[in-house]
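Listed below, chain by chain, are the residues.
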Amino acid sequence: MARVTMTIRPGADSVLHLWDITVRRGKTLLLDSLSWNVNADHRWVILGPNGAGKTTLLQIAAAQMHPTSGRAHVLGERLGAVDMMALRSRIGLSSAALAARVPAEETVIDVVVSAGYGVLGRWRERYDEMDFDRARELLEAMGISRLADRLYGTLSEGERKRALAARALMTDPELLLLDEPAAGLDLGGREDLLARLSRLALDRAAPATVLVTHHVEEIPLAFSHLLLLREGRVVAAGPIEETLTASALSETFGMPLLLDRRDGRFFAHAN
Ligand SMILES: Nc1ncnc2c1ncn2[C@@H]1O[C@H](COP(=O)(O)OP(=O)(O)OP(=O)(O)O)[C@@H](O)[C@H]1O
């Protein structure tokens with residue numbers, strides 16, 4: 001099984017480097033002695049069961065939270081020794097917490113364009129036509145250009161996910177974090193979104209990407225690395241080819257699982 005190996009200091013290509021971090025709330029350890037490195041050309045999937053600590057890990061990566069102990073470098077900056085707001089402006093994040101904070105009366109195009117100011121809800125910011133062109137381009141890339149003028153509150157769950165993925169890309173982030181982008185999508189919607197994320201992953205100009213999911217079926221083609229998480233600890237991490245095995249998956253989910261692979265995609269079921 002692949003295990004994490006890394007040096008203590010982040011390398012020149014590292015966009016995210018966590019060394020022996022722990023997140024503790026009261027007596028509960030949400031993350032336990034976790035070490036992980038993401039390089040600029042990596043496309044990672046974090047996979048694990050409910051409560052494994054995936055969202056907590058993403059919050060550290062998004063510079064939304066400090067670890068209780070250990071060292072975390074995000075985009076070369078040490079958390080705790082840097083202006084977190086400035087750092088966040090360099091990171092694209094799409095998450096359920098963010099989705100819940102978007103005002104229902106906001107138009108979809110404004111949800112995307114307002115990412116440039118790091119705000120939710122337009123106030124008095126001035127955007128130029130180039131910003132709107134970029135936002136429309138991203139809505140097109142996510143397959144929802146027809147919804148640009150709709151109110152966010154009227155979108156289906158799947159449409160909201162796409163709108164937030166477009167927003168996450170609006171600022172040309174150096175690190176893109178997608179928390180369960182395919183959750184709540186129907187089969188066609190999931191496959192369409194995964195194809196779009198695969199295209200993005202293949203784009204050499206695209207940022208380092210981390211995608212969180214519960215399901216191996218939601219690993220897009222062209223994603224390069226996998227971190228398996230269980231009870232706040234890394235079960236295995238490394239290139240997907242080496243890391244995703246039936247035994248590692250079974251250990252992660254605490255039950256015997258069979259793993260199939262077809263045309264580069266993965267499928268799992270109980271043994
Ligand atoms: N403030 C807190 N105090 C105590 N426990 C907490 C706190 N916040 C989160 N937890 C617990 O930490 C664990 C990890 O939570 P987290 O949201 O990171 O998991 P997750 O892998 O994203 O789960 P899911 O897949 O269900 O979204 C969970 O068991 C959760 O109940």
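Residues numbered from 1 in each chain as written. Predicted model: local features only at pLDDT ≥ 70, side-chain atom pairs only at ≥ 80, totals over all residues.

Where an unreviewed UniProt entry is consulted, the chain appears under the name Iron complex transport system ATP-binding protein, with the organism given as Nakamurella panacisegetis.

A. Structural detail: the sheet that holds strand β8 (residues 208-213). Spatial strand order, β6-β7-β8-β3-β9-β10: six strands in an open sheet with mixed pairing. Looking at strand neighbours, the two that pair on one side only are β6 (91-94) and β10 (233-239), the edges of this open sheet. Recorded for the sheet is a direction-independent mean angle of 15° between the axes of neighbouring strands. Note that strand β3 (residues 43-47) and strand β9 (residues 225-230) share four bridges and pair parallel. For Trp44, the partnering residue across the bridge sits in β9 and is His225. Lying over the sheet, helix α6 (residues 157-169) contacts β6 and β7 (175-179), oriented at roughly 170° with respect to β6. (Pairing = 2+ DSSP bridges. Helix = DSSP H or I, 4+ residues; strand = E, 2+ residues; numbered from the N terminus. Axes fitted to C-alpha atoms, helices over the stretch in contact; angles between N-to-C directions. Contact = placed C-beta atoms within 7 Å.)

B. How the structure looks around helix α9 (residues 246-253). All of the buried residues along α9 are Ala248, Leu249 and Thr252. Seen end-on, α9 carries its buried residues on one side only, within an arc spanning 100°. Just downstream of α9, Gly254 is the residue with a positive phi angle, here 65°. (Buried ≥ 20, exposed ≤ 12 C-beta atoms within 10 Å, placed from the backbone. Arc of directions from axis to C-beta.)

C. Highlighting the environment of Ala148. If you trace the backbone, Ala148 turns up in the loop between α5 (129-141) and α6. The buried category is assigned to Ala148, around which 20 C-beta atoms lie within 10 Å. Taking the C-alpha atoms as reference, Ala148 lies 9.4 Å from Val111; in sequence the two are 37 residues apart. Among all residues touching Ala148, those that are not within four sequence positions of it are Val108, Ile109, Arg136 and Leu139.

D. Spotlight on the domain arrangement of the chain. Each assigned domain of the chain is listed here: domain 1 (1-90 + 173-271) and domain 2 (99-172). Computed over C-alpha atoms, the centres of domain 1 and domain 2 are 25 Å apart. In this complex, domain 1 contributes 13 residues to the contact, which on the side of domain 2 involves 13 residues. Put simply, the parts of the chain that give the side of domain 1 that touches domain 2 at least two residues each are β7 and α7 (187-202). Here the side of domain 1 that touches domain 2 gets four residues from one element, more than from any other, and that element is α7. For the side of domain 1 that touches domain 2, a count of residues per class yields six nonpolar, three polar and four charged. (Domains from an automatic or database assignment. Nonpolar A, V, L, I, M, F, W, Y, C, P; charged D, E, K, R; others polar.)

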